[in-house]
Amino acid sequence: MTNEETWSSILAQIQLNVSPAIFTTWFKSTSIVSVENGEVTVAAPSSFAKEWLEQKYHKQILTLLRNNDNSIREVFFKVAKDSPTPQKAKSPTTPPTQQTPSGQLGFDEFKFNRDTNLNPKYSFDGFIVGPYNELAHAAAWAAAKNPGMVYNPLFVYGGVGLGKTHLLQALGNEVLNNFPGKKVRYIPTEKLTSEIIYAIRNGTIETLRAKYLDTTVFIIDDIQFISGKERTQDEFFYIFNSLYNKNLQIVLSSDRAPKAIPELSDRLRSRFEGGMIADVSLPDFETRMAILKTKCQQLGLSFSDEILSAIASTIQSNIRELEGALTKVAAHTKFKNTTPTVELCQSILLSINPKKVINYKKIIQSTVDFYELKEKDILSDSRKKEIVKPRQVIMYLLREELNASFPFIGRKMGDKDHTTVMHAYKKISAEIKNNEDFQEEINILKQKIYNS
Ligand code: ADP
Ligand code: MG
């Protein structure tokens, strides 16, 4: 296993146990520079980050490194040699004392259970359900009530930061609530891969198999990382079958559907496709607001709807970023001791994610490109079918994604009446509900809008 693989496996575990803001601030730009005589050296992007990791996370990082390889004795931190980009090197806006009043926050966050790898912070209670994740939620819930009996395997897929890990962990925690004696194991694929490689190298594969084969609910996160790793796939196929044949529950997540994972053996692919496949698409505005409100409650924040709406309409495609933005706005206001204004909020959001900020122009342009039309046709009064439909789609998206008012949308769409916009919104909403192909089309379009 390369240092890079080891570190990404460690980071995957850390990510599970710290908040998104902490992960991004302290861990994201780190790497292993050397492993010699049981001593690991980790590079941090700035001296500030180096000190922070040393003081707050030394013990946890060492424990994780040792779990991975028990010959590791010590971990050291240094500032990365290659000069980091200014953004990486910049000290975070919030000084350490703000985030860790007791100096112990880092320790408290590592609450996960060493046997199951489950973190109790992830529960179904804290999981907001909207149209975009309803199916995945229902399937996970059913599997937690009746492990191995209903959907086996359960395969959940969707983009980054959309709640897959949360859902899988909630499933695991719920199984333990329902059936305290059952064995649940959660493992990120990077960790599974490193365990398998280690076991093969050390001739301990039988021990590893035995360890997994008594698992009632085996949860493997981010299985797309198994792509191209033939030996790991062979071993995983063996484990998968042994569990499956005993009616033990297998749950997988991935950033894409099984058919879209490259370099995956056909036999694994067909196993993945043999159970229940549930996708998580993009959360609509209402759901994003609901998530922000829940997070505010959890964090003891009280922001006006106007502020939350500014955040929810700017950050659309990633709930981790949505949380990160909320944390950042909160940190800013606490630091400056002010109530945030929408303008302040927007400038903070812009600094977090300049590319993801979308506006009405972006929606119009991307939709026009998507349907291979011209903007002037869309804004015209033409009643041709191939123009009317995309025009209605734009109106729908402006409402749904930006929460824009009907009159505003009418003005931007070539001075149409607001009732025309309302009609379009209703029509497209209904069609999305009733026509799966159309729903898929709109999802692809949305991803184009956010990712271009
Ligand atoms: P993924 O595994 O799909 O990349 P995560 O499960 O790590 O995403 O989710 C990112 C963050 O967003 C986590 O902090 C998670 O708790 C939060 N989150 C995601 N979806 C929801 C939801 N539906 N309700 C509440 N919080 C959510
Ligand atoms: Mg995840």
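Quick summary incoming for the structure in this document. (Residues numbered from 1 in each chain as written. Chains lettered and ligands numbered in written order. Predicted model: local features only at pLDDT ≥ 70, side-chain atom pairs only at ≥ 80, totals over all residues. Heavy atoms only, no water.)

### Overview of the overall build of the protein chain
- Broken down by element type, the protein chain carries 22 helices and 8 strands.
- Here the C-alpha atoms of the protein chain give a radius of gyration of 24 Å, agreeing with the 22 Å that 2.2 N^0.38 yields for 452 residues.
- Its C-alpha atoms give the protein chain principal-axis dimensions of roughly 70 × 55 × 40 Å.
- Burial analysis of the protein chain (452 residues in total) assigns 50% to the buried set.
- Long-range pairs, those at least 24 residues apart, make up 74% of the contacts in the protein chain with a sequence separation of at least 6.
- Positive and negative side-chain charges in the protein chain, numbering 57 and 51 respectively, have mean positions lying 2 Å apart. (Helix = DSSP H or I, 4+ residues; strand = E, 2+ residues; numbered from the N terminus. Rg over C-alpha atoms; globule rule 2.2 N^0.38 Å. Buried < 20%, exposed > 50% of the residue type's maximum accessible area, 1.4 Å probe, protein only. Contact = heavy atoms within 4.5 Å. Lys, Arg positive; Asp, Glu negative; His and termini not counted. Charge placed at Lys NZ, Arg CZ, Asp CG, Glu CD.)

### Concerning the pairing of strand β6 (residues 217-221)
- Counted residue by residue, β6 has 5 buried out of 5 residues, so it is predominantly covered.
- Note: strand β5 (residues 184-188) against β6, 5 bridges, orientation parallel. The residue of β6 that forms the bridge with Ile187 is Ile220.
- In terms of strand pairing, β6 meets strand β7 (residues 249-254) through 4 bridges, oriented parallel. Pairing of Val217 across the sheet is with Gln249, part of β7.
- On the question of chirality, the crossover connecting β6 to the parallel β7 by way of helix α11 (residues 230-245) is right-handed. (Pairing = 2+ DSSP bridges. Right-handed = clockwise from strand over helix to strand, strands pointing away.)

### Some points on the packing of aromatic side chains
- Counting across every chain of the model gives 12 aromatic pairs.
- For the pair Phe155 and Phe272, a centre-to-centre distance of 5.6 Å together with 35° between the ring planes defines the contact as tilted. Taken as a pair, Phe155 in strand β4 (residues 154-158) and Phe272 in helix α12 (residues 266-272) lie far apart in primary sequence, 117 residues in all.
- By relative accessible area, which is 0% here, Phe155 ends up buried.
- Note on Phe272: relative accessible area 0%, which makes it buried.
- Measuring from ring centre to ring centre gives 5.8 Å for Tyr360 and Phe408, while their planes differ by 90°; the resulting arrangement is edge-to-face. Placement of Tyr360 in helix α17 (residues 360-370) and of Phe408 in helix α20 (residues 406-412) is noted, with a sequence separation of 48 residues between them.
- An aromatic cluster is defined as three or more aromatic residues linked by ring pairs; in this entry it consists of Phe155, Phe236, Phe240, Tyr244 and Phe272.
- Sitting above the plane of the Phe237 ring, Arg267 keeps its charged end 4.0 Å from the centroid. (Phe/Tyr/Trp six-rings, centres within 6.5 Å; stacked < 30°, edge-to-face > 60°. Lys NZ or Arg CZ within 6 Å of the ring centre and 35° of its normal.)

### Quick look at the packing of helix α13 (residues 285-299) against helix α14 (residues 305-314)
- The contact between α13 and α14 brings their axes to 9 Å, and the two run at 125°. Accordingly, the angle class assigned to the pair α13 and α14 is oblique. Crossing handedness for the pair α13 and α14: right-handed. For the pair α13 and α14, the contacting residues are Phe285, Arg288, Met289, Leu292, Lys293 and Cys296 in the first and Asp305, Leu308, Ser309, Ile311, Ala312 and Ser313 in the second.
- Its residues assigned to classes, the contact of α13 with α14 shows 7 nonpolar, 2 polar and 3 charged. (Axes fitted to C-alpha atoms, helices over the stretch in contact; angles between N-to-C directions. Parallel < 35°, antiparallel > 145°, perpendicular 65-115°, else oblique. Left-handed = near helix turned anticlockwise from the far one by under 90°. Nonpolar A, V, L, I, M, F, W, Y, C, P; charged D, E, K, R; others polar.)

### Re the sheet that holds β4
- If you walk across this open sheet you meet the 5 strands as β5-β6-β7-β4-β8, and the pairing is parallel. On the outer flanks of this sheet lie β5 and β8 (276-280), each paired with one strand and no other. Across this sheet, the average inter-strand angle for adjacent strands is 15°, counted without regard to direction.
- Sheet topology note: the β4/β7 ladder contains 4 bridges and is parallel. Each residue of the ladder has a partner; that of Phe155, found in β7, is Leu252.
- Its contacts with the sheet place helix α8 (residues 164-178) against β4, β5, β6 and β7, and it is angled at close to 165° to β6.
- Running at roughly 140° to β7, α11 makes contact with β6 and β7 of the sheet.

### What about the state of the cysteines?
- One pass over the structure, following the stated rule, counts 0 disulfides.
- Of all cysteine sulfurs, the one in Cys345 lies closest to Cys296, which takes part in no disulfide; the gap is 11 Å.
- Overall, the relative accessible area of 5% leaves Cys296 in the buried class.
- Cys345 sits in the buried class, given a relative accessible area of 0%. (Disulfide = S-S within 2.5 Å.)

### Details of the pairing of strand β1 (residues 31-36)
- Bridge count between β1 and strand β2 (residues 39-44): 5 bridges; the pairing is antiparallel. Residue pairing in the sheet places Glu36 in a bridge with Glu39 of β2.
- With antiparallel pairing between neighbouring strands as the criterion, β1 and β2 make up a hairpin whose turn holds 2 residues, including Asn37 at a positive phi of roughly 50°.

### Digging into the site of ligand 1
- In the region of ligand 1, 19 residues are neighbours, and Gly161, Lys164, Thr165, His166 and Arg320 sit closest.
- One of the backbone nitrogen or oxygen atoms of Gly163 is found 3.0 Å away from an oxygen atom of ligand 1.
- Here an oxygen atom of ligand 1 sits 2.7 Å away from a polar atom, N or O, in the side chain of Arg320.
- Burial of ligand 1 by the protein amounts to 94% of the accessible area it has alone, namely 550 Å².
- Contributions of two or more residues to the shell around ligand 1 are made by α8, α13 and α15 (319-336).
- Grouping the constituent residues of the shell around ligand 1 by class yields 8 nonpolar, 7 polar and 4 charged. (Near = heavy atom within 4 Å. Polar contact = N/O pair within 3.5 Å; in protein donor to acceptor, adjacent residues only side chain to side chain. Areas by Shrake-Rupley, 256 points an atom, 1.4 Å probe, with all protein chains shown as cover.)

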